Each structure stands twice: as C-alpha cells, then as structure tokens.
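# Results of the structural survey
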Amino acid sequence: FIGRSRSCVEWEDPGGLRAQVLAPLRKRYAPSRVRDRDWAAIPGGDFIMGTKWVGFDNERPAHRVAVSPFRMATRPVTNGDYRRLVVGHEGDDDLPVVYVSWYAAYAYAAWLGGRLPTEAEWEYAARGGSPHEYSSRDGSPTPLARVGWYDANSERRLHPVGQLEPNPWGLYDMYGNVWEWVADGYGPYNKEPQVDPWGPPSGSRRVIRGGCCWDGVASVRAAYRNHGLPRVEDGFRGFRVVLPFVPELLPV
C-alpha cells in the first residue's frame, strides 16, 4: 500500500493550534455536545474505490484503499445545526444546510471539533461494507428510492434529513438530497493500493459527493464524483462532519 496519511502523533501540534485559535469562537458560540446517537462508528477496513466497468472516466482506475476507523455524523448538517454558529442563516431547521462554501463547511467542522471526510472515507462509508449498489440497514439490497432523494422521488426539492432508510452503518442521506463537500482537492485516481489517502495537495477545485435531489440515478451512486470551486455557494451543496480518533481534536 502507498499514500499513507500522517500518523496521529503528527496531527497533535496542528490540532492544538486549531483548538487555540477556535477557543474564543467556541466560548461565544458553544458547539453542541457530541452525543453517541448522532454519530456512527465506522470500522476500519479496505474496499475497492471507484468503478471498473460502469460509470465515468474520473471514477477509474478502480483501486484498493484501506481506511482507518472514524466516526461520521449520521446525517448531513442541518440549518438548525448550522445556526448554532451562523445565527442568521436561513432555512427550516430539519432541512440539510445549503448555500455554504467549502470554506464555510471546513470552518463549521473545525468549530464542532471534527473535519470534513476525505473522499475515500466518504465512499467507504456510503458503501457501508456492503457489496450492493444500495443497501438497507440489514445489508440487503434495496432500491435507491428507499435510501436517497433523487429526481424520480424528490419532486426536485430538499427533504428533511433522516426520513429514508439508513445504510448498514446507520448513515442517512448518503445518496441524494444534497451534494456533500469533502476535504479533498479534485484530481485523477492512482491505480496503486493506498492507505487513508488524501487528494492532491494543490488545485483550484474541491470534490463533492452523493448527488442531490435534482440528479438522476447515474449521479446518485457511491462511486460518482464531481467537483466545484471552494468559494461557490448554491442550493444543492451541503456537508457532514467526521470525528477523527485523535484525542486532541475531539470536543470536550
């Protein structure tokens, strides 16, 4: 395997600096406490990332990726969640937050004590350890309409989070409803096996994953990847947060 991320020890100093910078903001706008029921424990493991025979060119080459365990929010960040930090943000409390740039999503995740998922973490979590294209909570195959809001069942509008079936790891809305910003810059895949990969260290675009309520089934898949300028805000891009297993980075 190649492409190993930095060890946990190497994250400690940046994590401490981030906590120091965010301390005044957290004092003024206290983040929600981390409750176990709001987070899914994603086990470590490996999977084939991308596609071999179907999908689009930017999903290839399919390659093996090993992922370390982490915790992921069971639902996308909602307007109600986001208003804990950005008081004037508009929208119904239970709808996924939109009109947030990648920078705003990054800042919110840091304020909460976490970060955006990597592209590999996002796809690994969306698949839920299942070999099926779409899976219900028990791991059995299920139609997309039971796990995601897309053009055929959404009336092309956003829906409250957590209304459809979760995947085998208890994650809701991984497919459709809103695109989700991830941490990585956008770039081509490497065919070699990798461990905890991050995207390219430079570049003008960031990856978005999962499709949205306006998209057809071709775009609402675990392997499908798109991208956008990080400053862009629109009505179909949201995000969710992950908590790394590094004590210095976790909320108290």
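Values in this document were obtained by computation on a predicted structure and should not be read as measured data.

This next bit is on the overall build of the chain. Within the chain, the secondary structure is distributed over 4 helices and 12 strands. In the chain, which comprises 252 residues, the share counted as buried stands at 50%. Carbon and sulfur atoms provide 54% of the accessible area of the chain, an area that totals close to 12,200 Å².

Once that is clear, we can look at the confidence of the model for the chain. Taken as a whole, the chain shows an average pLDDT of 90; of its residues, 89% reach a score of 70 or greater. Across residues 3-12, confidence stays below pLDDT 50; counting only partners more than four residues off in sequence or on other chains, it has 13 contacts.

This next bit is on the sheet that holds strand S11 (residues 237-238). Where strands meet in a sheet, backbone hydrogen bonds hold them as pairs that are either parallel or antiparallel. If you walk across this open sheet you meet the 4 strands as S10-S9-S7-S11, and the pairing is mixed. In this open sheet, the two edge strands, each paired with only one partner strand, are strand S10 (225-228) and S11.

This part covers the pattern of salt bridges. Throughout the structure, instances matching the rule amount to 13 salt bridges. The shortest N-O distance in the salt bridge between Arg60 and Asp57 comes to 2.9 Å. Note that Arg240 is salt-bridged to Glu180, the shortest N-O span being 2.8 Å. Highlighted residues: Arg240 in the loop between S11 and strand S12 (242-243) and Glu180 in strand S7 (residues 179-185), separated in sequence by 60 residues. By relative accessible area, Arg240 is classed as buried at 0%. When salt bridges with common partners are traced through the structure, they connect Glu119, Glu123, Arg127, Arg209 and Arg225 into a single cluster.

Reading across from one edge, S2-S3-S8 is the order of the 3 strands in this open sheet, with mixed pairing throughout. The sheet terminates laterally at strand S2 (45-49) and strand S8 (194-195), the two strands that pair on one side only. Here 5 bridges tie S2 to strand S3 (residues 63-67), and the two strands are oriented antiparallel to one another. Pairing of Gly45 across the sheet is with Val67, part of S3. Strand contacts of helix H4 (residues 119-127): S2 and S3, with the helix running at about 95° to S2, the strand carrying the most contacts.

Each α-helix winds once per 3.6 residues, and so residues spaced three or four apart point in a common direction. Of all 9 residues making up H4, 8 are buried, and the element is well covered by its neighbours. The set of residues buried in H4 consists of Glu119, Ala120, Glu121, Trp122, Glu123, Tyr124, Ala125 and Ala126. The positive-phi residue at the C-terminal boundary of H4 is Gly128, with phi of around 60°.

A separate point is empty space enclosed by the protein. Within the structure shown, the criterion is met by 1 cavity of 30 Å³ or more. As a volume, the largest cavity reaches approximately 50 Å³. Ser135, Val147, Glu165, Pro166, Asn167, Leu171, Asp173, Met174 and Tyr175 are the residues that line the largest cavity. Each residue belonging to the lining of the largest cavity can be placed in one class, and the counts come to 5 nonpolar, 2 polar and 2 charged.

This paragraph deals with the packing of aromatic side chains. For the coordinates displayed, the defined rule picks out 12 aromatic pairs. Taking the centre distance of 5.6 Å and the plane angle of 80° together, the rings of Trp102 and Tyr103 count as edge-to-face. Judged by relative accessible area, which is 9%, Trp102 ranks as buried. For the ring pair Tyr134 and Tyr175, a centre distance of 5.0 Å and an interplane angle of 85° mean the geometry is edge-to-face. Taken together, the positions of Tyr134 in the loop between H4 and strand S5 (148-149) and Tyr175 in strand S6 (residues 175-176) put the pair 41 residues apart, joining distant regions of the chain.

Within helix H3 (residues 102-112) the residues assigned to the buried category are Trp102, Ala105, Tyr108, Ala109, Ala110, Trp111 and Leu112. Two residues or fewer after H3 comes Gly113, characterised by a positive phi angle close to 105°.

It is worth spelling out the nonpolar core at this point. A general tendency of soluble globular proteins is for nonpolar side chains to be buried together. Ile42, Phe70, Met72 and Tyr175 are the most contacted members of the largest nonpolar core, which has 27 residues in total. Mapped by element, the contributors of at least two residues to this core are strand S1 (39-42), S2, S3, strand S4 (70-73) and H4. No other element matches H4, which puts 5 residues into this core. Non-local contacts of Met72, meaning those with residues more than four positions away in its chain, are made with Asp38, Trp39, Ala40, Ile42, Pro117, Trp122, Ala125, Leu171, Met174, Arg240, Val241 and Val242. Within the second largest apolar cluster, 23 residues are counted, among which are Trp39, Ala73, Tyr108 and Phe239.

Side chains Phe70 and Met72 of S4 all project onto a buried face; the interleaved residues Arg71 and Ala73 project onto the opposite face, where all are buried too. Both S1 and S4 contribute to a ladder of 4 bridges, which runs antiparallel. Paired with Ala41 across the two strands is Arg71, which belongs to S4. As paired elements, S4 and S12 share 2 bridges and run antiparallel to each other.

Calculation criteria
Each chain carries its own residue numbering, running from 1 in the written order of its sequence. pLDDT decides what is reported in this predicted model: residues at 70 or higher carry local features, side-chain atom pairs at 80 or more are listed and counted, and totals for whole chains, interfaces and linings draw on all residues regardless. The side-chain numbers reported here are obtained from all heavy atoms of the structure, hydrogens and water having been left aside. Here a strand is any run of E in DSSP of at least two residues, a helix any run of H or I of at least four, and the numbering for each starts at the N terminus. When accessible area is computed with a 1.4 Å probe and restricted to protein chains, residues below 20% of their type maximum are described as buried, those above 50% as exposed, and intermediate ones as partly exposed. Only the protein chains shown count as cover for residues, and all accessible areas are computed by the Shrake-Rupley method using a 1.4 Å probe. The pLDDT score gives, residue by residue, the confidence of the prediction method on a 0 to 100 scale. In this description, contact between two residues means that some pair of their heavy atoms is separated by no more than 4.5 Å. One bridge is not enough; two strands pair if DSSP finds at least two bridges between them. Salt bridges are defined by distance alone: a side-chain nitrogen of Lys or Arg within 4 Å of a carboxyl oxygen of Asp or Glu. Axis geometry follows a simple rule: fit a line to the C-alpha atoms, using only the stretch in contact for helices, then measure angles between N-to-C directions, giving values from 0 to 180 degrees. Residues are called lining when one of their atoms sits within 4 Å of a cavity or pocket point, these points coming from a 1 Å grid over the protein atoms alone, where a cavity is a set in which a 1.4 Å probe fits but cannot get out and a pocket is an open set with protein on both sides within 12 Å along at least five of seven lines. Grid points are joined across faces, edges and corners, and a volume is the space filled by probe spheres set on the points. Polarity classes work like this: nonpolar for Ala, Val, Leu, Ile, Met, Phe, Trp, Tyr, Cys and Pro, charged for Asp, Glu, Lys and Arg, and polar for all others, with Gly in that last group. Pairs were defined over the aromatic rings of Phe, Tyr and Trp, the Trp ring being its six-membered one, requiring ring centres within 6.5 Å. Orientation was assigned from the angle between planes: stacked under 30 degrees, edge-to-face over 60, tilted for the rest. What makes a nonpolar core is a set of buried Ala, Val, Leu, Ile, Met, Phe, Trp, Tyr and Cys residues whose side-chain atoms join them at distances within 4.5 Å.

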